[in-house]
Amino acid sequence: EVQKLDTFVNDVAESFLRGEDKEIVAVVRSAREKRDKASNKKKANAALTRKLAEILLVSERTAVDISLFGRMLAAVPAYNFEAAVQVAHAFTVHRSAVEDDYFSAVDDLNTGLEDAGAGHIGERGYGAGVFYLYLCINRELLLENLGGDRQLADQALTALVNAIAKVSPTGMQNSFASRAYAAFALAEKGDQQPRSLAQAFLKPVTGGGEQNLVEAAVAALATRSENFDKVYGACADSRYEFNVETGTGSLDELAAFVTAD
């Protein structure tokens, strides 16, 4: 799509320079003129949008980010892509208090002759905790969105696994330096209906004794997973995990597990 857009922009520029429309530019100009003359603007705008979509978009395959997280174009649904990845909101596995951060900013150019107050006063809430994050990946759909390119699909999944485990949100990093890596990860593969383990934390975990919060959370996940298997049968064909607390497993092996058949 980027290449198609580059080509179209170059054609438009060349048409202006030569004073004569290239074929594709003439098609768009004609569609725009029909839109401008139409009495039903809504219908005419839709027709123009479809024409531009034919010229600039593709429906057979798309970029990695759109393949992973989807694209919705209400005006031209033929070019929509269903997201191959579902991401739940992260939440703490224990009780967590929200703290208030009160701050002010001074206007350095204020001489104080008219107003000696702060340039800005505000507050924000923040908190810390051990978070549970759940993702569900449809590998077949990802491969389909990428036009059957298996190598690119594997690269996308490897990058996604690394981002999940290592990348923190960038907001307020200069203030809080939140550079936490994942302490535990569990990956499951199979053709079963996916299921989250969020129910493990309906009762918030508590650290104490020989267990810290991470260890308590991992234990709760293991119990919930085992109980699901007892009630529903095996909920996954295979599993892999790494655990920083015990020093077992690795991120590279997790990525290899996710990409393997």
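Placed above this text is the structure.
This is a predicted model, so every value here is computed, not measured.

Peer 1: For this particular structure, what's the right way to read the packing of aromatic side chains?
Peer 2: In this description, an aromatic ring pair is defined by two values, namely the gap between the centres and the angle between the planes. Tallied over the entire structure, the rule returns six aromatic pairs. Arranged with centres 6.4 Å apart and planes meeting at 70 degrees, the rings of F91 and F201 form a pair that is edge-to-face. With F91 in strand β2 (residues 91-92) and F201 in the loop between β7 (184-189) and α8 (213-232), this residue pair connects regions lying 110 residues apart in the sequence. Given a relative accessible area of 29%, F91 falls into the partly exposed group.

Peer 1: Mind showing me how you'd approach the nonpolar core here?
Peer 2: The nonpolar side chains of soluble globular proteins are, as a tendency, buried together. Core analysis: the largest hydrophobic core is formed by 20 residues, its most contacted members being L142, V161, F242, L251, L254 and V258. At the level of elements, α5 (139-145), α6 (150-166), β7, β8 (238-243) and α9 (251-259) are the ones that each hand at least two residues to this core. Among the nonpolar cores identified, the runner-up in size contains 17 residues, and V93, C136, V218 and A220 belong to it.

Peer 1: Sorry, what's going on with the environment of N138 here?
Peer 2: Within the secondary structure, N138 sits in the loop between β6 (135-137) and α5. By relative accessible area, N138 is classed as partly exposed at 35%. Between the C-alpha atom of N138 and that of A78, which follows or precedes it by 60 residues, the distance is 21 Å. Polar contacts involving the side chain of N138 include one to the main-chain amide nitrogen of E140, which spans 3.3 Å.

Peer 1: How do you make sense of the side chain of N243 when you look at a structure like this?
Peer 2: Along the chain, N243 turns up in strand β8. Engagement of the side chain of N243 in a polar contact is seen with the backbone nitrogen of E245, the distance being 2.9 Å. Aside from chain neighbours lying at most four places away, what touches N243 is A183, F184, V218 and T248.

Criteria and cut-off values
- Note that residues are indexed from 1 along each chain, following the sequence as it is written.
- Reporting in this predicted model follows two pLDDT cut-offs: at least 70 for local features of residues, and 80 or more for side-chain atom pairs to be given and counted; totals over whole chains, interfaces and linings ignore these cut-offs and use all residues.
- With hydrogens and water set aside, each side-chain value is computed from the structure's full complement of heavy atoms.
- Ring pairs shown here join Phe, Tyr and Trp side chains whose ring centres sit within 6.5 Å, with only the six-membered ring taken for Trp; geometry is labelled stacked below 30 degrees between planes, edge-to-face above 60, and tilted in between.
- Where helices and strands are cited, they refer to DSSP runs of H or I of at least four residues and of E of at least two residues respectively, numbered from the N terminus.
- For every residue, the accessible area obtained with a 1.4 Å probe (protein chains only) is divided by the maximum for its type, and the residue is called buried under 20%, exposed over 50%, and partly exposed between those limits.
- For this analysis, a nonpolar core means a set of buried residues of the types Ala, Val, Leu, Ile, Met, Phe, Trp, Tyr and Cys, connected via side-chain atoms within 4.5 Å.
- Each polar contact in these results corresponds to two N or O atoms within 3.5 Å; when the atoms are within protein, one needs to be able to donate a hydrogen and the other to accept it, and residues that are neighboring in sequence are counted only if both atoms are side-chain atoms.
- Contact definition: two residues touch when any of their heavy atoms are within 4.5 Å.

In short, shape yes, function no, at least from these values alone.
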